Amino acid sequence: MSSSDIFIGETIGTAVLILLGAGVCAAVTLKRSKARDAGWLAVTFGWGFAVLTGAYMVGGVSGAHLNPAVTLGLAIEGGTKWSDVPLYLVSQLFGAMIGAALVWLAYYGQFRAHLTDPEILNAHTGEEGMVDKAAAPKAGPVLGVFSTGPEIRNAVQNVVTEIIATVVLVLAILTQGLNDDGNGLGTLGALITALVVVSIGLSLGGPTGYAINPVRDLGPRIVHALLPLPNKGGSDWGYAWIPVVGPLVGGAIAGGLYNLAFA
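Conventions and cut-offs
Residues numbered from 1 in each chain as written. Predicted model: local features only at pLDDT ≥ 70, side-chain atom pairs only at ≥ 80, totals over all residues. Heavy atoms only, no water. Helix = DSSP H or I, 4+ residues; strand = E, 2+ residues; numbered from the N terminus. Buried < 20%, exposed > 50% of the residue type's maximum accessible area, 1.4 Å probe, protein only. Arc of directions from axis to C-beta. Phe/Tyr/Trp six-rings, centres within 6.5 Å; stacked < 30°, edge-to-face > 60°. Core = buried A, V, L, I, M, F, W, Y, C linked by side-chain atoms within 4.5 Å. Contact = heavy atoms within 4.5 Å. Polar contact = N/O pair within 3.5 Å; in protein donor to acceptor, adjacent residues only side chain to side chain. Axes fitted to C-alpha atoms, helices over the stretch in contact; angles between N-to-C directions. Parallel < 35°, antiparallel > 145°, perpendicular 65-115°, else oblique. Left-handed = near helix turned anticlockwise from the far one by under 90°. Nonpolar A, V, L, I, M, F, W, Y, C, P; charged D, E, K, R; others polar. pLDDT = per-residue confidence, 0-100.

With that settled, the discussion passes to the environment of Val90. By the element assignment, Val90 lies in helix α4 (residues 85-106). A residue is classified by how much of its surface remains accessible, and Val90, at 54% relative accessible area, is exposed.

In this section: helix α5 (residues 108-115). Those residues of α5 that sit buried are Phe111, His114 and Leu115. End-on view of α5: buried residues confined to an arc of 85 degrees, all on one side of the axis.

By the definition in use, this model includes six aromatic pairs. Between the aromatic rings of Phe7 and Phe94, the centroid separation amounts to 6.1 Å while the plane-to-plane angle is 15 degrees, which identifies the pairing as stacked. Of this pair, Phe7 sits in helix α1 (residues 3-29) while Phe94 sits in helix α4, placing them 87 residues apart in sequence. Here Phe7 falls in the partly exposed class, since its relative accessible area comes to 34%.

Our focus in this paragraph is the nonpolar core. Counting residues in each nonpolar core, the largest one holds 41 residues, and the members touching the most others are Trp47, Phe111, Val142, Val145, Phe146 and Leu229. Those elements giving two or more residues to this core turn out to be α1, α2 (40-62), α4, α5, α7 (143-146), α8 (155-174), α9 (188-204) and α10 (214-226). Per-element accounting of this core gives the leading share, eight residues, to α1. Those residues in contact with Phe146 that lie beyond four places of it in its chain are Ala100, Phe111, Arg216, Pro220, Val223, His224, Leu227 and Leu229.

Moving on, we come to the side chain of Asp236. Here Asp236 is to be found in the loop between α10 and α11 (242-261). Judged by relative accessible area, Asp236 falls into the buried class, the value being 5%. Separated by 2.8 Å, the side chains of Asp236 and Arg153 make a polar contact.

On to the environment of Gly251. In this fold, Gly251 is placed in helix α11. Given the relative accessible area of 0%, Gly251 is considered buried. Taking the C-alpha atoms as reference points, Gly251 and Val170, separated by 81 residues in sequence, lie 5.9 Å from one another. Leaving out residues up to four positions away in the same chain, Gly251 has contacts with Ala69, Gly73, Thr166 and Val170.

Take the packing of α1 against α2 next. The description of two packed helices rests on the angle between their axes and on the distance between the axes. In contact at an axis separation of 8 Å, α1 and α2 are set at 165 degrees when each is read in the N-to-C sense. Here α1 is positioned roughly antiparallel relative to α2, judged by the angle of their axes. Crossing geometry of α1 relative to α2 is assigned as right-handed. Among the residues forming the contact of α1 with α2, the class breakdown is 18 nonpolar, seven polar and two charged.

Further remarks concern the side chain of Thr80. Here Thr80 is to be found in the loop between α3 (68-77) and α4. Its relative accessible area of 9% is what places Thr80 among the buried residues. Leave out the neighbours within four places in its chain, and Thr80 touches His65, Leu74, Ala75, Val85 and Tyr88.

With 90% of its residues at a pLDDT of at least 70, the chain reaches an overall mean of 91. pLDDT under 50 marks residues 126-136. Its contacts with residues more than four places away, or in other chains, come to 21 contacts.

What follows is the structure, given as structure tokens:
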């Protein structure tokens, strides 16, 4: 496939992934959203369907990696040329930022209602008035719409959780179609991958929110930092390396395991 195929496919596919995935986070989080408090099942299935939609949409254009950990695993396995890896990564990050910005546009009124509501602000700061960066230096009240965060902040556990979850994801992708003369599953593979993402969310998503994709977290976190959201608080940059490094290590391990056990 050409460089333009990779750029266009990965940008569009990752933008759709983040639009629908972060969109379900906005739906269950923000004040004046009809889906508010729909819960973890809604989030996990929403992200699974987001993967399904993005992958179906651009699978025939770029291969629908939509995730640097997948790209890395495929490069180690041999299915993707190393020379194409930088373009995949840049396109995925660009698409993730576009998707996050579109979530802000779609929920513009809900963001404003949420971030100017005294009940929300007081619950977040424990004080009257606006969210102060000094009072909330790590994570503002809507950062969870854009990016992941741990329930228990322990760097070792958090990065190990992301590694384990990403190994499951990437190994499941790499082993698709091994019972079909090695030809893969075609468009059915997108459905299988989506169900794997739902399973990971239900089973391994509790500790960290299961980024399992560096640009899924980094792109929207950058957008959160840049957007003119009132009272948005911090973007928790001290945690931001974990959902980047963990999935990349997990993708590399999955590629190595595939070559060791299945190739």
